[in-house]
Structure formats: C-alpha cells, structure tokens
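One-letter residues, chain by chain:
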Amino acid sequence: SQSTKASFRKASGQVNFNNGRRKKVASIMIPLCKAFGPMFIFGAFLKLSQDIMIFISPQVLKLLIQFIDGDEPLWKGYLYSILLLLTAIIQTLVLSQYFNRMFIVGLRIRTALIAAIYRKALRMSNAARKESTVGEIVNLMSVDAQRFMDLTAYINMIWSAPLQIALALYFLWDILGPSVLAGLAVMIILIPVNALIANKSKTLQIRQMKSKDERVKLMNEVLNGIKVLKLYAWEPSFEQQILNIRNKEIKVLKEAAYLNAGTSFIWSCAPFLVSLVSFATYVFIDENNVLDSSKAFVSLSLFNILRFPLSMLPMMISNVVQASVSVKRINVFMNTEELDPNNVQHDQSEIHPLLIENGTFTWDSSDSTERPTLRNINLQIKHGQCVAVVGSVGSGKSSLISALLGEMYRLSGRVNTKGSIAYVSQQAWIQNATLQDNILFGKPLDKALYTKVVEACALMLDIKMLPAGDQTEIGEKGINLSGGQKQRVALARAVYSDSEVFFLDDPLSAVDSHVGKHIFENVIGPSGLLKKKTRVLVTHGITYLPEVDNIVVLKDGEITEVGTYKQLLEKKGAFADFLIQHLQE
C-alpha cells in the first residue's frame, strides 16, 4: 500500500498531501542514446570492419615470407605486395571515417548537454538555486560536457579491444601453440593492477572536481567585484585564497600524474614482456620448436596489433570511470526542482490580461514555518491600463511582479496572464554585445521604430557620446555604461519588443529626475509609446502617480488599497501615510 503523508503550513494554514512514492530520478544517458545512437552504431560498425581488416595484414605477410623462402612464380610476390598496400589503404580510410563520425557525435553530445544545462539553469526553482553555485554550473558546461566529447572517439575500444586481443591470441596460438598462454598470464596479472589504479583515479577525480568548483566560484566572485577589490587593495589576500585552493588542486593533479605515469609505464612494457615471455617459453618448452623468420615476424606483427588495445583498454576504463562521475554530477543537477509551469495559467478567454485571485506566494517552498511573502492578493488589471505598485521598502512590490511571472511558489489562489510579456528588472540585465544588439535582442532592425524607441528612452545623447555610436561593444554586465544608461537600455529593449504586457520594476530609480520625467512622458505615461499597452509600474517616485490609471498599495505583503490617486487621497489610509512618509524624507 502507498503511504500518504500530510504536512501543515502554519503561516498560510495550508495542508499539503505528499504521496509516499518517490519521484523517479531521470538520467541523461537515455535521451543521449536515443538522439545520437544510430550515428554511433554506424561508427561502431566501421570500427568492427577495421578491426577485422587489421588481421588480414599478418596473414598476407605470412604468405609473403613463405613466397620468399619457397620457389613460387613471381606474380604471387607482386600480388601479396599489392594486397598489403590495399589493406593498409582501406584500413586507413575506414578508420578516418570512423573517427570523423565519432568526433561529430562527440561534438553534438557536448553541444546538446551545454544547451540542456543552460536551459535547466533558467528553469530552476529558488530552493534548487541555493544548492548549485555559478562555479558548479560553469564546470558542468565546460569540464563535464567536454568529458563526453573526449570519450566518444574511443569508447568503442571497450568492446573493440577485447575483440582484437581475442583474435590476436587465436592467431598466435596457431603459430606458437600453448606458449601464448605464458604471455596471456602476464596480461592477466596486469589487469587487477590497472583496476586498482583506475579506482584510485576515480577518488582523485571527485576530489579535483570539488576543488575546481570552489576555485571557479571564487574566481567568479573576484571578477564580479574587481572594482571593490582594487579600491580596498584586497588583491593579495584573495590571491592567497585562490592559490590555497589551487595548491590543493595541484596536489591532486600531481598524484593523478604519478598514477598515469605508472599506468603508461606498465602498459608500454606489456607488449614487450608478453612477446619476450611467449618466445622464451616457445623455445624452451620443446627442443623441436624453432623460431624461424616466418613465425617471428608474423608473431611480432600480431603482438604489435596487441599493443594498441592493451594500452587503450586501461585508459578507456579510467576515462569511462571519469565520465560516470560527470554523468552523476549532471544527473544530480538536471534532477533539481524546477519552477512549476502551473504557477501561472494562460487562459485566453479571460477578460483581463492580468489576474490574481486569493493568491498566497512564497520564495522557498521547502520552508513551511516561514511566513508567505505575499498573502491574500486579489488583483485585476484591465487591458491598456497603467497600474502603479507602491509601498515601503520590503513590502513585496518586486515579489508581486515575480508572482505574475511565475517565479514564485504559489501556495494557493490562481494567477492568469494573457499575451506576450516584457519585463524590466530592478537591476538592468545587459548582454556582452553592441548597444544596438542589446536593444534589438535578436529581433530584425526596424529603423523607424528603433529611432523612435531610442529617442523616447533618452538614449540619443548617450549614443552620440559613445566612441562607435550604437555599434559600441558593451562589456559584460554593461561595464562601460553608467547605472542610468544601463536601465534605459533595458527599458528600450522592452519597448522595442512590442509586447502586450509590460512589467516595469522601478525603471526610473537609477535615472535623473528630468530624464525620468522625459521617459515617463514619452514611454510609460498616458501619451507615451506604450499608451495602448497594459503596464505594471513599480515605483518610488510620487510625482508620476497622478497620471496613472490605478494605484495598488502594498504593506507587509498584502494589498491594503487599490484605486486612483484621487480616491486613495480621499480615503486617508495607507496610501496617504506613504505619501506623508515620502514627503518627510
């Protein structure tokens, strides 16, 4: 029988029923196999045919040596020589095709993984975001995804190497008889040694990845706050912190290098040891056994074939172990909790473009003791309205917009949005691209609209001041723009998108009062570019409030009043208090 547990949330008085059945953990391997399996299998078929072709050369060589020793017609010698050349050419062509296919598959897997990780990072819930640092996500994209690319070219050696070893031993038995077993014994002795080394390298790999995550995270923080670091002259202390992590990493890398050196030495000696032991046993086992040129050269060519699979197999085992670590890391990340798409519905039959009914929202769904951020929210916004959201700091103004966007965890109630949405956040988000690309954001250039938007957002003067106009490359996070310029670029991007609904989270806070007035009149206000659009404006500026259609007053996460500027003033409630507080400041 299935167990059902119930949890009670004190803050909102809500009861959650949790089914006892655990959520199945998904793996990235199944979709990867489905997407890239056919091409991979074709590559494996090429590898199989190349493996079989390798063993044609020693047989032709045997015939060639017999031809030299015996008294056969001359044409046979030419035939054997041409056969040797042809097998080598065909073998090379097949092998190059195989590697071409495998590298393409590897590159595609890497690209698919990077895209999937990036998409997941955008959909993660707030609780899951706390668990993964930026450093970890960057490492998953760069290091762990790269592992797959490095592995795919040689992963067929997992079955190809044993096949080659088996065929080589079969032909060697034919020439040297039971003496081959002595050589085989040497190989078998070396396998557990290698397994031990592979296991040790796995633990080193996990330790190294942890240090790497730490280092990337710290480097990210250092580069983000480089200005503060320079001003306070904190470089030496942060450098020391990074070096401490790096030293830990280097220590692990040194151990790994010693292990690899040991493995390489063992496996470089392996074919030589195998042939030496086999020949010695063959000669000493029976006086009648004579090591002639035919046996020696054909055996050596077969031992030569053995060298590659013998050296590759252990390397492949350790690579597969490393890749399995990466698979686990990516699986853990990909299985983290996502934002619930049902937080917001998109029912087109609704009259109002924006609607919240009895909404209760929180940022962290896992914390049941915490008081919800927004409570008892009832809000209807008509088409083409400009609604201002006001309230003191921390009253939940930005959270209200996040709730409408579906970024918050909905405990109860219903949220519905209709039409395309443009969002301008409190902190402007700037791409590492030209100023024009930042405004167009992937849309085709409409020169007339572009000029209108740039003028309305008061960016004309700024563009003239920039060295290459709107083709100036803006650094990451808008490093060569001021706060006000960044905010206006973000606003211009939203206006250019020509969406139906606009969420503007305090876009005028970072600009001067006269620029703010210009933007309100030309963009947001009743005679601006967005006059026919639905606008939700979070603001601290009381000067613009008489010109908006409706005002929503928030206090401690609850809507206390809704109405026009005139209505709210006459009420003498929370809005009047808010105005008095602002005027006193």
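Residues numbered from 1 in each chain as written. Predicted model: local features only at pLDDT ≥ 70, side-chain atom pairs only at ≥ 80, totals over all residues. Heavy atoms only, no water.

Digging into the sheet that holds strand β6 (residues 409–417)
1) Next: Spatially, three strands are ordered β4-β3-β6 in an open sheet, and the strand pairing comes out antiparallel. Only two strands of the sheet have a single partner each, and these edge strands are β4 (374–381) and β6. In this sheet, adjacent strand axes meet at a mean angle of 15 degrees when their direction is disregarded.
2) Next: The pairing of strand β3 (residues 354–362) with β6 spans seven bridges and is antiparallel. (Pairing = 2+ DSSP bridges. Helix = DSSP H or I, 4+ residues; strand = E, 2+ residues; numbered from the N terminus. Axes fitted to C-alpha atoms, helices over the stretch in contact; angles between N-to-C directions.)

Side note on the packing of aromatic side chains
1) Next: A full pass over the atoms with the stated rule returns eleven aromatic pairs.
2) Next: Centre to centre, the rings of W234 and F238 are 6.4 Å apart; their planes meet at 35 degrees, and the pair counts as tilted.
3) Next: For W234, a relative accessible area of 38% translates into the label partly exposed.
4) Next: Just above the ring of Y98 sits the side chain of K47; from NZ or CZ to the centre is 5.7 Å. (Phe/Tyr/Trp six-rings, centres within 6.5 Å; stacked < 30°, edge-to-face > 60°. Buried < 20%, exposed > 50% of the residue type's maximum accessible area, 1.4 Å probe, protein only. Lys NZ or Arg CZ within 6 Å of the ring centre and 35° of its normal.)

A short note on the domain arrangement of the protein
1) Next: The domain architecture assigned to the protein consists of domain 1 (28–335) and domain 2 (354–584).
2) Next: Of note, the centres of domain 1 and domain 2, computed from C-alpha atoms alone, are 54 Å apart. (Domains from an automatic or database assignment.)

Side note on the state of the cysteines
1) Next: The final tally for this structure, using the stated rule, is zero disulfides.
2) Next: Lacking any disulfide linkage, C386 is separated from the closest cysteine sulfur, that of C457, by 15 Å.
3) Next: The class of C386 is buried, set by a relative accessible area of 3%. (Disulfide = S-S within 2.5 Å.)

Quick notes on the environment of Y98
1) Next: With respect to the helices and strands, the residue Y98 is situated in helix α3 (residues 74–123).
2) Next: Remark: the alpha-carbon pair of Y98 and V25, spanning 73 residues in sequence, is separated by 34 Å.
3) Next: Setting aside residues no more than four positions away along its own chain, Y98 makes contact with G43, L46, K47, A153 and N156. (Contact = heavy atoms within 4.5 Å.)

Comments concerning the environment of V222
1) Next: Here V222 shows up in helix α7 (residues 180–224).
2) Next: For the pair V222 and I242, spaced 20 residues apart in sequence, the C-alpha to C-alpha distance is 9.6 Å.
3) Next: Discounting residues that sit within four places of it in the chain, V222 has contacts with L229, F238 and I242.

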